[in-house]
Amino acid sequence: MKSISVVGSGTMGNGIAHIFAQHGYEVSLIDIKSEFLEKALTTISKNMDRQVAKGAISQEEKDASLSRISTFTSLEDGVKQADLVVEAATENMALKLDIFRQLDQFSPPKAILASNTSSISITKIAAVTKRPTQVIGMHFMNPVPVMKLVEVIRGYATSDVVTKTVMNLSRNLSKDPVEVKDYPGFVANRILMPMINEAIYSLFEGVAGVAEIDTVMKLGMAHPMGPLQLADFIGLDVCLSILKVLHEGFGNPKYAPCPLLVNMVEAGFKGVKTGEGFYQYSVGSKELVVAPIFFK
């Protein structure tokens, strides 16, 4: 594989483009607006600057990596030479199905189509294409350049060859791939999201405050980040979407999203991306400040 197309230039998309370009692949980064792409390139450059400062890569390696990334606002133009397409759009079923219909139409017949979805069925995504054996999940972790895990999700029809190819490709990116089966939430979010949801329920029911809940999990369970801070980092809207997939997919009430989470998302408090969730966030500040609504 030489040519990689990444659909979506947000947090995950620009991280995926970053890691592929850094490992020598030609990358086509695709989004609907040029300003989104410009912002993504700025983010990638800044993240590579941090790597240069730490001695992880040289300035020459940074410059070479950036030169391998081309940007497109046309999906058709961006995928026509792809050996692999990685979709990293918003975690929305209808949107992803629409994108994969187009990818199936515009991508070369031999291209592998992968989704970075964190919970949506690969089998369902594959079913809207004429190449279900070539559709697979590549669930990178955030931040992509730092986190080693890639969940490789095999749909019902995904072939052995495609699975092996993507596993080896992930290793070529200096990642540690883990193959999992296609069930709601896969492994990572099937375990993580109920924990986050339970932490929100503990807050909702008045068991403890935001800082107290996170402190218990950090000091008692050796988690690097408390579950409420992690939810803010992931995005409360993303957490809610994943919990809905789990709840609908299994039909089990234990996955029902906490009403507090639902209300926060509906009110526009989505965590780091909006500046406030369980904590407040300001540009340039690393101080963790509990959102005023949670003070009694």
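Residues numbered from 1 in each chain as written. Predicted model: local features only at pLDDT ≥ 70, side-chain atom pairs only at ≥ 80, totals over all residues. Heavy atoms only, no water.

Explain the domain arrangement of the chain to me, using residue names and the numbers behind them.
When cut into domains, the chain gives domain 1 (3-181) and domain 2 (187-294). Counting residues at the interface gives nine residues for domain 1, matched by seven residues for domain 2. In total, domain 1 and domain 2 occlude about 630 Å² of area from one another, counting both sides; carbon and sulfur atoms represent 62% of this. Applying the counting criterion to the domain 1 and domain 2 interface returns zero salt bridges. Taken together, the connections running from domain 1 to domain 2 amount to three residue pairs in polar contact (both at pLDDT 80 or more). (Domains from an automatic or database assignment. Contact = heavy atoms within 4.5 Å. Buried area = accessible area lost by both parts, 1.4 Å probe. Salt bridge = Lys/Arg side-chain N within 4 Å of Asp/Glu carboxyl O. Polar contact = N/O pair within 3.5 Å; in protein donor to acceptor, adjacent residues only side chain to side chain.)

Pulling in residues and values, what's your account of the sheet that holds strand 4 (residues 84-87)?
Read from one edge of the open sheet, eight strands run 3-2-1-4-5-6-7-8, paired in mixed fashion. One side of each edge strand has no neighbouring strand; the edge strands of this open sheet are strand 3 (69-72) and strand 8 (176-181). Across this sheet, the average inter-strand angle for adjacent strands is 25°, counted without regard to direction. Strand direction decides the pairing type here: strand 6 (residues 135-140) and strand 7 (residues 149-154), joined by five bridges, are antiparallel. The residue bridging His139 from the neighbouring strand is Glu151, located in strand 7. With respect to the sheet, helix 5 (residues 93-106) is in contact with strand 1 (3-7), strand 4, strand 5 (112-115) and strand 6, its orientation differing from that of strand 5 by roughly 165°. With respect to the sheet, helix 7 (residues 160-172) is in contact with strand 4, strand 5, strand 6, strand 7 and strand 8, its orientation differing from that of strand 7 by roughly 175°. (Pairing = 2+ DSSP bridges. Helix = DSSP H or I, 4+ residues; strand = E, 2+ residues; numbered from the N terminus. Axes fitted to C-alpha atoms, helices over the stretch in contact; angles between N-to-C directions.)

Let's hear about the pattern of salt bridges: which residues, and what values?
A complete count under the given rule lists seven salt bridges for this structure. One salt bridge connects Lys62 with Asp49, and the closest N-O pair in it is separated by 2.7 Å. Highlighted residues: Lys62 in helix 3 (residues 59-67) and Asp49 in helix 2 (residues 34-54), separated in sequence by 13 residues. Here Lys62 falls in the buried class, since its relative accessible area comes to 7%. Residue Asp49 is classed as partly exposed on the basis of its relative accessible area, which comes to 34%. In this structure, Lys273 engages Asp237 in a salt bridge whose closest nitrogen and oxygen atoms are separated by 2.9 Å. (Buried < 20%, exposed > 50% of the residue type's maximum accessible area, 1.4 Å probe, protein only.)

Tell me about the side chain of Lys62, and please be specific about residues and values.
Polar contacts involving the side chain of Lys62 include one to the side chain of Ser45, which spans 3.0 Å. In terms of polar contacts, Lys62 uses its side chain to reach the side chain of Asp49, at 2.7 Å. For Lys62, the contacting residues outside a window of four places in its chain are Ser45, Met48, Asp49, Val52 and Ile57.

Could you give an account of the environment of Pro108, naming the residues involved and the relevant values?
Structurally, Pro108 can be placed in the loop between helix 5 and strand 5. Residues Pro108 and Ala82 lie 26 residues apart in sequence; the distance between their C-alpha atoms is 6.8 Å. The contacts of Pro108, once residues within four sequence positions are left out, are Val79, Lys80, Gln81, Ala82 and Arg131.

Summarise the layout of surface pockets; cite the residues concerned and give the values.
Unoccupied space between atoms shows up once a probe the size of one water molecule is rolled over them. Estimated volume of the second largest pocket: approximately 300 Å³. Surrounding the second largest pocket, 16 residues form its lining, Met93, Ile120, Ser121, Val245 and Glu248 being those nearest its centre. No other element matches helix 11 (residues 236-250), which puts five residues into the lining of the second largest pocket. Each residue belonging to the lining of the second largest pocket can be placed in one class, and the counts come to six nonpolar, five polar and five charged. Split by domain, the lining of the second largest pocket shows at least three residues from each of two domains, domain 1 (3-181) and domain 2 (187-294). (1 Å grid on protein atoms, 1.4 Å probe; cavity = no way out; pocket = protein on both sides within 12 Å on 5 of 7 lines; lining within 4 Å. Points joined across faces, edges and corners; volume = space filled by probe spheres on them. Nonpolar A, V, L, I, M, F, W, Y, C, P; charged D, E, K, R; others polar.)

Describe in detail the UniProt feature "site: Important for catalytic activity" (unreviewed entry) in the chain, supporting the description with residues and values.
According to UniProt, the feature "site: Important for catalytic activity" (unreviewed entry) maps to His139 in the numbering used here. With near-sequence residues (within four places) excluded, His139 lies in contact with Ser115, Asn116, Thr117, Ser118, Leu149, Val150, Glu151, Ile153, Ala188 and Asn189. A polar side-chain atom of His139 sits 2.8 Å from a polar atom in the side chain of Glu151. (UniProt positions renumbered as here; feature names shortened; annotations may be inferred.)

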